Amino acid sequence: MLGTNGTNTSLPQKVIGVNNAFEAKKALYSTAILNKDTTVSSVGYNGYGGNTSNSSLVKTMLKSTGDHLKGVISLDKGLHNATLVTLELKDEITDLDNAFDNYAYTTGYNGYGQAGTNNTSYHVYPTLITTDGTTPITGISSIASSYYSTAMLSTSDEENVYTIGYNGHGQLGNGTTNTSYLPKVVKTNNGMSNLSNIMMVKSGADSYHIMAASKAGGVYEWGYNANYQLGDRTNQNSSYPIVVGSSPLQIDKTTIRIDISSSDKTADVTASTASLMFSLFNEAAQGDANIKWRILNKNIADFDGDPQNVINDGIASNTVKIKGVSRGTTVLIAYDEHTGKTIS
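Residues numbered from 1 in each chain as written. Predicted model: local features only at pLDDT ≥ 70, side-chain atom pairs only at ≥ 80, totals over all residues. Heavy atoms only, no water.

Draft legend 1. View of the pattern of salt bridges. Going through the model one piece at a time under the given rule, you end up with three salt bridges. In this structure, K215 and E159 form a salt bridge, with 2.7 Å as the shortest nitrogen-oxygen distance. With a gap of 56 residues between them, K215 in the loop between β16 (209-214) and β17 (219-223) and E159 in the loop between β10 (149-154) and β11 (161-165) connect regions that are remote in the sequence. Assessed through its relative accessible area of 42%, K215 is described here as partly exposed. Here D302 makes a salt bridge to K298, at a shortest N to O gap of 3.9 Å. (Salt bridge = Lys/Arg side-chain N within 4 Å of Asp/Glu carboxyl O. Helix = DSSP H or I, 4+ residues; strand = E, 2+ residues; numbered from the N terminus. Buried < 20%, exposed > 50% of the residue type's maximum accessible area, 1.4 Å probe, protein only.)

If you want it as structure tokens, here you go:
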């Protein structure tokens, strides 16, 4: 995988045959190189791609027709696969200002459907990622590969993120842990809206989590979190994007008992979360919590008046007054739109 014709080295060596490299990506046993002429060279382990013969010298990535794959503008490497985005001239041109489109390709291992072809067949040549198993997905500006999943950034006005593949830790960001063979948009606000206004998406060949940078400056992460890599001060996995630097949503009471026979049939409940967020553009960026409340059965208890915002030493919290209505048990839910966390 060093491109030095099989020779190990303890010092940096120039990769043989590479003279116009622009970017390089490394996986477990292979390397892919994006050249300035928009072609891609690869070297190393090749058990799932090309002619499946390993190579100690770089070779240019080919289409199934034998032609060089050209027009590549974004490149990444998964564990045993490569993902690419190309800028290609459209077959039918009706507007010179809209003559090109961006396509996403993948090649190599596809055991968890991360190729977006609605199957788990390996691909020995670059294969178009599709929306339905047949129709190529278009309008993709960049691509990122994690352990067995793929994330793509859309060029649409909303600038959404699409993910495919293994999802055992919630790294597809759609609120489930179900593997997906076709691209699905990453959700936020507990699935109520699409993650948008994103300018960059990244992961790693051996990672089970994905991160996205917002144009507003904040950073989102989702997926595996056993080593606190999501930056939310917990080690709990998240199947929805969370804001890096936010604190967990907390509620000051786990059980509320209201005596409906008393003169005061109410109780106060407070939910809070830290408002200090990590920002790419402003280290001291503040984002107040925006907490919404819900009572599952309002025949048992209801809100007494509107929730009031309370700001105290950088902690944003919402306090609600609950009144008892009749005998029974119900559930009070607090949801923070800013961090995407729910507590009940």
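Still to come is the rest of the account.
Draft legend 2. How the structure looks around the sheet that holds β10. Spatial strand order, β9-β10-β11-β12: four strands in an open sheet with antiparallel pairing. Either end of the sheet is taken by a strand with one partner, and the two such strands are β9 (140-145) and β12 (180-185). Shown here is a sheet whose adjacent strand axes are inclined to one another by a mean of 20°, direction ignored. Here β10 pairs with β11 via five bridges, running antiparallel. Following the sheet pairing, S149 is matched in β11 by G165. (Pairing = 2+ DSSP bridges. Axes fitted to C-alpha atoms, helices over the stretch in contact; angles between N-to-C directions.)

Draft legend 3. Main features of the sheet that holds strand β3 (residues 40-44). Spatial strand order, β1-β2-β3-β4: four strands in an open sheet with antiparallel pairing. In this open sheet, the two strands that pair with only one neighbour each are β1 (21-26) and β4 (55-60). For this sheet the average axis-to-axis angle between neighbouring strands, irrespective of direction, equals 15°. Note: β1 against strand β2 (residues 30-35), five bridges, orientation antiparallel. When the sheet's bridge partners are listed, K25 is paired in β2 with A32.

Draft legend 4. Structural context of the side chain of N102. When you line up the elements, N102 lands in strand β7 (residues 100-108). A polar contact is formed between the side chain of N102 and the backbone oxygen of I140, at a distance of 3.4 Å. Non-local contacts of N102, meaning those with residues more than four positions away in its chain, are made with I73, V85, T86, L87, I137, T138, G139 and I140. (Polar contact = N/O pair within 3.5 Å; in protein donor to acceptor, adjacent residues only side chain to side chain. Contact = heavy atoms within 4.5 Å.)

As far as function goes, none of this settles anything; it's purely spatial.
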